[in-house]
Structure formats: C-alpha cells, structure tokens
Amino acid sequence: QVSAQILAFFTVARRLAAQRKEIDAVLEPFLLSPETLREVKNKMRTELEYGLKRETQGSATVKMLPTYVCGTPDGTEKGKFLALDLGGTNFRVLLVKIRSGRRKSVRMYNKIFAIPLEIMQGTGEELFDHIVHCIADFLEYMGIKGARLPLGFTFSFPCKQASIDKGTLVGWTKGFKATDCEGEDVVDMLREAIKRRNEFDLDIVAVVNDTVGTMMTCGYEDPNCEIGLIAGTGSNVCYMEDMKNIEIVEGNEGKMCINTEWGGFGDNGCIDNIRTEYDKEVDEGSLNPGKQRYEKMTSGMYLGEIVRQILIDLTKRGLLFRGQISESLRKRGIFETKFLSQIESDRLALLQVRQILQQLGLDSTCEDSIIVKEVCGAVSRRAAQLCGAGLAAIVEKKRENRGVEHLQITVGVDGTLYKLHPHFSRVLQETVKELAPWCDVTFMLSEDGSGKGAALITAVAKRLRNIDKYLYAMRLSDETLIDIMARFRREMKNGLSRDFNPTATVKMLPTFVRSIPDGSEKGDFIALDLGGSYFRILRVKVSHEKKQTVQMESEIYNTPEDIMHGSGTRLFDHVAECLGDFMEKQQIKDKKLPVGFTFSFPCRQSKLDEGVLITWTKRFKASGVEGADVVKLLNRAIKKRGDYDADIMAVVNDTVGTMMTCGFDDQRCEVGLIIGTGTNACYMEEMRHIDLVEGDEGRMCINTEWGAFGDDGSLEDIRTEFDREIDRGSLNPGKQLFEKMVSGLYMGELVRLILVKMAKEGLLFEGRITPELLTKGKFETKHVSAIEKSKEGLSKAKDILTRLGVEPSHEDCVAVQHVCTIVSFRSANLVAATLGAILCQLRDNKGVGRLRTTVGVDGSLYKMHPQYARRLHKTTRRLVPDSDVRFLLSESGSGKGAAMVTAVAYRLMSSSQTQLCTCVAINTLGHLLGIMGPELQHAAALGHLTV
Ligand code: G6P
Ligand code: G6P
Ligand code: BGC
Ligand code: BGC
C-alpha cells in the first residue's frame, strides 16, 4: 500500500514537473536579461535620433513630434480655463482656475463622460458631436454657458503640430477608430462641431498630448520635471529637447517639448527578436495591426490580452482549466488592467484570486490560479522592464544634452497601469536605475491628470498669442517680401532715371568709382572713417613687392554727442584736430599724404573728391553741413589749423568702402552692404542705365541710399505703430523710414517700445513698469543680440531685464526673447528683399540665367547678432533662387577700401599732367579703340585729364 502511495506521489510529482517545465518554456521569452534590456535601450536611443533628424524623420518609427510647448510652468500662469481630456480610460471635461503669485493655486472641477464603443469607432463627426454634447452638458452643469473660455484640449493620440493650436491626427491608437479623422486637424474638427451645435462658443488655444499635460502638471510643483511618462491604456513619453537638436523646427534657441510617440518603436521590426507569438497574436487582433508594437508590449490595454493569449495556449496544452477553453476566455478584453493589478497583488490570498477569475467567468482550481498569477507577473514584469529601458534612453539623452556627468531629473508619471499595478512602478524604476546609473531620477506621480497641465499650457499659449497679435504685422510672408522686392526695384529705376531722380526717394547716387581694386594699387595713405559706431583714423600702406600687401594702423576717436549735434564748423574742427593728433602720433605731420574720407552719409558727387551732404542720418545733426561739400569743409578746418597739410582725394560712402575692401580679396565682389548703426547698399551698375552721368560704357558704383526707401509712404502697409513711434522720437522724423525698421540704431528701441506696451497691457512682468524700462535708449541692440544667443539667451534676458528693474519670470524671458526674434527677423527679411532687388538687377544687366556674385558686408548688427547673418543669407537665397551669392564679411572696415579708391585717384593725378585730350572724347574714343583701361577711365571721371 505504501509503495502504491509512493508511486502515486511520484506520478503526480513527475506530472507536475513536466507541467512546470512546459509552463517555464512558455514564459521563458518573457524573461529579459540585462543585456537584452540594454540592447533595447540602445535601439530606442538610435530611433530617438532618427526621429529628430530631418533626413530620417519621415521613415522613423518613433515620430518625435514637436509640440510647440517651449517651457515648463513657472507659477505666473493665471486665469480660468476649460480643459478636455480625451484618449485615456476616462473622457473628462474640466474647469480649471489658476491663481499666480505668492498664493499660487489650481482649483479644478470635472465631470467624467462615457464614450460608447460605437462612437469611438463610428464616424469622426459623430465622435466630435458627442464631445461637444458633453461640453454643453458640463457648461450647463457649471452654469458658465455664456462665458467664452479659453480651452486646452488633451488629445492622447499622435498629432503632427505646426503650432500649439493645430494638431493633425497621424493615426488612431488604442481603442479609437473613428472614420475621417486621420490626416485632419482635430482642433478644426472640434471647432466645426461647436459651430454645428451653435449653442456656445469656445476659444481653442492649445492641443496637447497627455504626456505633455502630465509633464506640465508635475512641472507646476517641481521645476526639475522635464519628462512626462504615461503608462496607462497606452504608453508614451515626452521630454524637453534642445531646439538645436530638433531639425524640423526653425530656430536654435531654447527648448521644446517633444512628444516621442514611442509606442511605435519596433514597427520597423527592430525589436522582433523579443516579440513572442502571443504579442503577434495580440497585434493581429488589434484595431491597428502592425502598429504600436512597443505599446502593445507595455501598456494596460494590451497586457491583459497577452495574458489571455498565453492562458488559451496553456489551456490548449492541457495545463490549465482542465483543458477547457471557456466562452469567457475567448472574449477579447476581459483582462482589464485593474484585474491584472488585483490578481498580482501580494495581499490577495489564492482564494481571492480564484474569486476574481470566477467574476471573469473563469472557473479555476487553486493550481490554476497560481499559474494565472504567474503568467500575469511575467507579462507585467516584462512590460515594466521594457518601459524602463525606453525611459533610460530618454534620461541618458537628457544627460548628454546638459553635458553633465550626473543628471538629476524628475519624471512626471500618470496612467492606470503605473498607478494601480502593485509592482509595475517598482520594476520600472529599478530598470532605469540599472540602465542609467549616472542619472538620479525622481518619479513624481501626477495626482491631477493631464487636464491641469493642459490648462497651464493654455494659459501660456494665450499669453503668447496675445503677443503674436501685437507682432503679427512684423511677420512678413515671402509673398510680401517678393512684393517689397518689386517695389524696391521700381525705386531703383526711378532713382537712376534723369526725369524721376529729383523726386525719387531712393537717390541712387553715382560714386565715380568705376571698378574694384585690380591689384596694382600702392602707396601710403590716410583714411578717415566717420559715421558708423566709431570715428576711426587709419594709416594704410599698400606695398607691392612680390605680392600686394596692406599694412594698417588705426586709432579710434570719440565724437561726443554735443559735437555731433553742434555746428558743422565745430564738427570739422574736431575731425581736423583728431587727424592732427593721429599724424603727430604717426610722425608724419610734415608729409602731405593723400587722404581717403569714408563719410557714411548720403552725398551727391560730381567727382570723386567732392561730396555734398544731402541730409544727415543716424546720430548726426550738425548745423550748416547739409547742402555743403564736406571735402571743402574739412579742407577749411585743416587750413585754419595750419599745423599740417592733407590732400583729400576721395570721399566714399561706407558701402563703397566695404565693397572695395572685400573686392580686394574677391574679384567677383560687386555689392557693398552695411547693416550696422544705419543700413545701405551699393552695387556696380551699367553706365548706360545711369542717366545722371555722361557716357554709356563700363560700369560705375551706385550708392543706393536705400535707408530712405519708404519716405514717400510706399512702405506704410508694413509699418507698425512702433515704427511710427520710433520715427517720431528720432533726429530726422519722416526720413530714413526703411533704415528705422532695419538698423542697429533703432532695433533695441523698437523692442523696448513693444515691451512697454505689452507690460502696460499686463502681458509681461505682471504689468509692472519701471522708470528704466520707460527710458529711451535703455534697451540696446546689443541686448537683442545677447538675448537671441542660443545657449545663454534666456539667462541673458533675465540679467538684462533685471537691470531694467523688472523681476522677470521665466515666461517673461521667453516672451521677450520671442519679441527680439520677431523684430530682428523682420530686419533680416527686409534687407533680403532690397538686396534681392539689387541681385535681380545685376542678373538682368548681365543677361544671365543664374547670377554668381559676391556681396561684401559690414556693420555691427550683421557681425554681432548671433542669428542675423544666417537668416539673411537664407531668405535672400529663397527670394532669388536663381543665384549663387557669396556673402563676404569685411574684416578690416571701410578704411581699407577708401584707401584703395584713393590709391587709384592718386596715381591718376600724378600722371594726368602729361595727358592731353578731352575726357569725353577719350572716354568714347578709348572704348571704341579698346585702349582705355580703368586708370584712364578714373582719370576722366576725376576730371584730371585736360585738353
Ligand atoms: C492622464 C490623463 C488621461 C491620460 C491618462 C493615461 O492623467 O488625464 O487623459 O490619457 O492619464 O492614463 P490611462 O490609464 O487612463 O490611459
Ligand atoms: C564699416 C566702417 C564704418 C561703417 C560701419 C558700419 O566697416 O568702417 O565706418 O559705417 O562698418 O557699421 P556700424 O555698425 O559701425 O554702423
Ligand atoms: C498614443 C499617445 C498617448 C499614449 C498614452 C498612445 O497610444 O499614441 O499619444 O500619449 O497612448 O495615452
Ligand atoms: C547713411 C548711408 C550709410 C548707412 C550705413 C545711412 O544712414 O545714409 O550713407 O551708408 O547709414 O552706415
């Protein structure tokens, strides 16, 4: 009897062992080794990069969608908002009241509404009508039907966004499959449904993913929260990425939240090595087969399904439920996350597990319930580990972005799986710790759902939208720029024509410079350089041994404001005095060196060494100079002193000096561009187009004086109230209107005026205005440059604004940076349009299909602003696509160019005494015979050739 018992015992034991082995074999693929998890992390890391790069983004499985959320909350958000929260377990409508300041708080009222399955999977119109119906019910319930509240829409599906209030649904996920929605803007669909109902109106300000909402909800409590994780019905993560890494969004400054949509990880098969037969089964039975493969291994909606598939298999193998597949087990979706969580609870006795299975219609033995619990454990553990591996990749990326060895960061988390499951959060955290050991990650559970975060985003977006409303007129579309380009082309034509020049605003002044340096210049010269940020005197020695070399020494002299605004005599006495000082220092007071005079103001010239000032611009307003020849004035001042002599041989505009400086290095240079205190350009025009100068042969440099563009009202449609205010407060009201929209003397002031107005309307600094902020000139263009720096821009903004006495919040700094960007971008765009007109003129003059040319550029704004040059180049190339333009920065100022012009003039003067012929005759005859080189042309222009 005993031996029969032993035998029976062994039979059972053997059966159990065989059973065990088979169960272990079934669950074995769910056990992931540390190496496998590391591999998953690395693959996720690669996919994140693919999603961020322009080239690979189209085919990336992790979509890395820009969200246009550019900062986490800072406590200054306030107002009353509605929020919708669609896509998780519950559909909620909320009213959120946010108070800012010391008593900052958020109060929320919400109502949960059901969305029947037939609506989730019906038509898009039905779905959105249902949503609007629920909103109407909520408004009624709260008694706020009349208020047109701003609304933030948490929509927990992948959306492509081009702005915060636009979101095109990429594809439904989880349990939704309404028709006619994919590829459509869900905000538009909601708006239309509101219109259809025609009962109330709402201002839809933002559409937000639930990950983003969660990050913001937690970010409100913890500023270190820069990651949002959802482990719920679906699975996803968002995080704050550096703008410079987001190739598909313009701009390099600051950060933007990226909705990774990591649920799609593996859709290209890259994690197929760890997908089991059960995963494939679940995928095939889902609403979106082949998609969201990672989500289907990690999120609440699918874990129960995986368990069910395993249980079916085990039953088929006779290892469970006495080999009987019951009706209940055939039902898709019976294992909801909450049941999974209950079954796995350590506190639950086996009997209770059996009761739960009973509730689900599964009649189980004690043994069965142990196995079911084990299966659930394997599936949920794998989910948590995979999720942890993905999160480790994100955390590592953040660490690299910050460039630190040790990262401290908070992850805001929400979702039923994370919240309800007894082990999920622990396993997830352990995995992150193991795979990202250099990161100290705090997990913060979102208590209030995504609705709160969506309301916070709405508060910021509404504020930014108000700012945009202000600055809307400053954003110029390409269409407008092309129109401005055409207008400027007409101005150029008028300025060049004899009939229209007297009334033309853009004066197109002949400069009597006929070519760029040809390499034969030499000698010892002095250059004066007056009119930009600095008054400089230079000695330029051009020698000609083996190769042409230039040696320069220079001195900067102060020009106090009372001299710039005093009498002309005093101004030129000052210039003469500085020149005397310079010659003294150089020990050349006894020499009569030829002088080139860069005078950066509009001058009418009839020869090279004459310049009649048409009007002062920029900072200068000395009396008695307009209408006079500045060469004569300077000569007079030098004579009056009598302690040295000088021979002023050429007056050149700074644009011309710049073109000549750059032409020295690049023979193709035929445009000179200044974007500094003022703005202007010159270019080489065909003589046959210049009515005001005799002769049709060759070319001459034209100083456009484009700063005056618009002085006849032709730019009124794009000028803003701020431009008008700048003009009113300037030294030359009504003049140089284009220059005042573009150049460095005015840019900081433009920004200041905008900030004052915004502060007055409570959009900035909580409405505080300080005396410093109200002081003209306190906000300078160099501040605009500092604030737009990509790395330290925001902290610079904080310093600068703090010095103006306001206590800026982070959001204030972001807003001010935004204003700076819009103002400086407009400037670069406008210059691209006028420069584009010049390039088109050059192209047409040459009669070529594609223009190849070089533009010499100088000026403090162009040089110092971190983004200006790049933006200008980009827009110019877009506006004039049929061109290859090289932008060459002038390294040595206009003085060198002025010396080059002087060198040519000087050589011609020395040789001119021996020439006998008339200028006009030789000009024409010379060209007819092909014997007249640039030197003789210059001589003719100078009037140094005499009969
Ligand atoms: C958040 C939200 C939901 C969101 C959910 C994820 O708090 O407010 O709308 O989708 O968590 O969790 P669930 O488990 O409901 O999918
Ligand atoms: C050049 C010159 C200056 C000129 C300036 C424009 O290089 O040498 O005299 O006016 O650039 O820049 P700014 O920013 O000084 O006005
Ligand atoms: C969606 C995500 C969402 C996640 C969590 C996924 O199915 O694609 O947009 O964040 O579920 O709700
Ligand atoms: C002047 C131009 C000059 C430009 C850049 C303008 O105000 O009118 O002659 O080229 O500033 O300095």
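Residues numbered from 1 in each chain as written. Chains lettered and ligands numbered in written order. Predicted model: local features only at pLDDT ≥ 70, side-chain atom pairs only at ≥ 80, totals over all residues. Heavy atoms only, no water.

Colleague: For this particular structure, what's the right way to read the pairing of strand S24 (residues 699–703)?
Modeller: Each regular strand displays side chains that alternate between the two surfaces of the sheet. With respect to burial, S24 is a largely interior element, 4 of its 5 residues being buried. Sheet analysis places strand S14 (residues 509–510) next to S24, joined by 2 bridges and oriented antiparallel. Looking at the pairing, Leu509 lines up with Asn703 of S24. Direction of pairing for strand S23 (residues 679–686) relative to S24: antiparallel, over a ladder of 5 bridges. Bridge pairing in S24 places Glu685 opposite Met700. (Buried < 20%, exposed > 50% of the residue type's maximum accessible area, 1.4 Å probe, protein only. Helix = DSSP H or I, 4+ residues; strand = E, 2+ residues; numbered from the N terminus. Pairing = 2+ DSSP bridges.)

Colleague: Is there a simple way to think about the site of ligand 2 in this case?
Modeller: With respect to spatial proximity, 13 residues lie near ligand 2, and among them Asp529, Ser533, Thr677, Asp858 and Ser860 are the closest. Between ligand 2 and Asp529, the relevant distance is 2.4 Å, taken from an oxygen atom to a side-chain nitrogen or oxygen of the residue. At 2.6 Å, a side-chain N or O of Ser533 approaches an oxygen atom of ligand 2. Relative to its unbound accessible area of 370 Å², ligand 2 is 92% covered by the protein chains. Here the shell around ligand 2 is built from residues that sort into 1 nonpolar, 9 polar and 3 charged. (Near = heavy atom within 4 Å. Polar contact = N/O pair within 3.5 Å; in protein donor to acceptor, adjacent residues only side chain to side chain. Areas by Shrake-Rupley, 256 points an atom, 1.4 Å probe, with all protein chains shown as cover. Nonpolar A, V, L, I, M, F, W, Y, C, P; charged D, E, K, R; others polar.)

Colleague: Would you mind going over helix H28 (residues 810–846) with me for this structure?
Modeller: Think of an α-helix as turning once every 3.6 residues; residues three or four places apart then point the same way. Taking 1.5 Å per residue, 37 residues should reach 54 Å; H28 reaches 53 Å between its end C-alpha atoms and fits that length. Within H28, 32 of the 37 residues are buried, which leaves the element mostly enclosed by the surrounding structure. The first or second residue beyond H28 is Gly847, which carries a positive phi of 65°. (Expected span 1.5 Å × (residues − 1).)

Colleague: Quick question: what am I supposed to make of the UniProt feature "domain: Hexokinase C-terminal" (unreviewed entry) in the chain here?
Modeller: Taking the numbering used here, the UniProt-annotated feature "domain: Hexokinase C-terminal" (unreviewed entry) corresponds to residues 226–460 and 671–904. A distance of 19 Å separates the end C-alpha atoms of residues 671–904, which is 49% helix and 14% strand. (UniProt positions renumbered as here; feature names shortened; annotations may be inferred.)

Colleague: Even after reading the chapter, I still don't get the UniProt feature "domain: Hexokinase N-terminal" (unreviewed entry) in the chain, so can you show me in this structure?
Modeller: Listed under "domain: Hexokinase N-terminal" (unreviewed entry) in the UniProt record, and renumbered for this structure, are residues 23–220 and 467–663. Helix makes up 37% of residues 23–220 and strand 25%, with an end-to-end C-alpha separation of 47 Å. Taken end to end, residues 467–663 is 35% helix and 23% strand, and its first and last C-alpha atoms sit 44 Å apart.

Colleague: What exactly am I supposed to notice about the site of ligand 1 here?
Modeller: The environment of ligand 1 is made up of 13 residues, and the closest members are Asp85, Thr89, Thr233, Asp414 and Thr416. At a separation of 2.3 Å, an oxygen atom of ligand 1 approaches a polar side-chain atom of Asp85. Within the side chain of Asp210, a nitrogen or oxygen atom sits 2.8 Å from an oxygen atom of ligand 1. Within the complex, 93% of the 380 Å² of free accessible area of ligand 1 lies under protein. For the shell around ligand 1, the residue count by class is 1 nonpolar, 9 polar and 3 charged.

Colleague: I would appreciate a short explanation of the environment of Ser450 in the present structure.
Modeller: Mapped onto the elements of the fold, Ser450 is located in helix H17 (residues 449–471). A relative accessible area of 5% places Ser450 in the buried class. Residues Ser450 and Val540 lie 90 residues apart in sequence; the distance between their C-alpha atoms is 68 Å. In this structure Ser450 touches Asp85, Thr154, Asp210, Gly213, Thr214, Thr217 and Asp414, once residues within four positions along its chain are discounted. Within the structure, the side chain of Ser450 is placed 3.4 Å from the side chain of Thr214, a separation counted as a polar contact. (Contact = heavy atoms within 4.5 Å.)

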